[in-house]
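# Structural characterization, general
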Amino acid sequence: MREAGGRAQRFGFHLPVRYRPAGGTWHDGQIENVSCSGVLFHAAEAVPDLDTEVEIVFVLPVRPAAPRIVCRCRVVRRVPSNGNGAAGVAATIVTYRFVRGRPAPA
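Residues numbered from 1 in each chain as written. Predicted model: local features only at pLDDT ≥ 70, side-chain atom pairs only at ≥ 80, totals over all residues. Heavy atoms only, no water.

Attention now moves to the pairing of strand β4 (residues 53-59). In terms of burial, β4 is largely enclosed, as five of its seven residues are buried. Sheet topology places strand β1 (residues 11-21) next to β4; four bridges connect them, and they run antiparallel. Bridging from a neighbouring strand, R20 pairs with E55 of β4. When β4 meets strand β5 (residues 68-79), the two strands line up antiparallel, connected through seven bridges. (Buried < 20%, exposed > 50% of the residue type's maximum accessible area, 1.4 Å probe, protein only. Helix = DSSP H or I, 4+ residues; strand = E, 2+ residues; numbered from the N terminus. Pairing = 2+ DSSP bridges.)

A word on the packing of aromatic side chains. Enumeration over the complete set of coordinates arrives at two aromatic pairs. For the pair Y19 and F41, a centre-to-centre distance of 5.1 Å together with 45° between the ring planes defines the contact as tilted. Here the residue Y19 occupies a position in strand β1, and F41 occupies one in strand β3 (residues 38-43), the gap between them amounting to 22 residues. Comparing Y19 with F41 shows no difference in burial state: the two are buried. Where Y96 meets F98, the ring centres are 5.8 Å apart and the plane angle is 90°; that geometry is what we call edge-to-face. Each member of the pair Y96 and F98 is classed as exposed. (Phe/Tyr/Trp six-rings, centres within 6.5 Å; stacked < 30°, edge-to-face > 60°.)

On to the pairing of strand β6 (residues 87-99). Examined bridge by bridge, β3 and β6 share six bridges and lie antiparallel to one another. Residue F41 lies in a different strand from β6, and its bridge partner there is V89. Pairing of β5 with β6, which is carried by 11 bridges, proceeds in the antiparallel orientation. Within β6, the residue paired with R78 across the bridge is V89.

Of all hydrophobic cores here, the largest spans 17 residues; its most connected members are I31, V39, F41, I56, F58 and C73. Only β1, β2 (27-34), β3, β4, β5 and β6 provide two or more residues apiece to this core. With four residues, β5 is the single largest residue contributor to this core. Residue contacts for F58: discarding those within four places in its chain leaves L15, P16, V17, I31, P67, R68, I69 and C71. (Core = buried A, V, L, I, M, F, W, Y, C linked by side-chain atoms within 4.5 Å. Contact = heavy atoms within 4.5 Å.)

Even without being a glycine, D51 presents a positive backbone phi close to 70°. With respect to the helices and strands, the residue D51 is situated in the loop between β3 and β4. On the basis of relative accessibility, which here comes to 56%, the residue D51 falls in the exposed class.

What follows covers the sheet that holds β1. Spatial strand order, β1-β2-β3-β6-β5-β4: six strands in a closed barrel with antiparallel pairing. With strand direction ignored, the average angle separating the axes of adjacent strands in the sheet is 45°. (Axes fitted to C-alpha atoms, helices over the stretch in contact; angles between N-to-C directions.)

In short, shape yes, function no, at least from these values alone.
Printed below as a string of structure tokens:
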């Protein structure tokens, strides 16, 4: 779905997210919004550089069985701190999959 002006509609979800550069160490962050084309999340540490491939994992707040979503993304923009020291990362979603019944990455 597109907003006026051709931009994908964003859905504000303030959800925990785990992220890592491809093959790197997992870090915690906070999702600000998600659209059909990408995600904006805040990263307190290890803010990925532009064009870096990242993997993100988050759980949708739906019931009865909340699915985890695993996404491969590419960083397209970095956003200044949101006031608590966490820089924003805008990433376009390259691929995604729903995962049920497996633990989140450590």
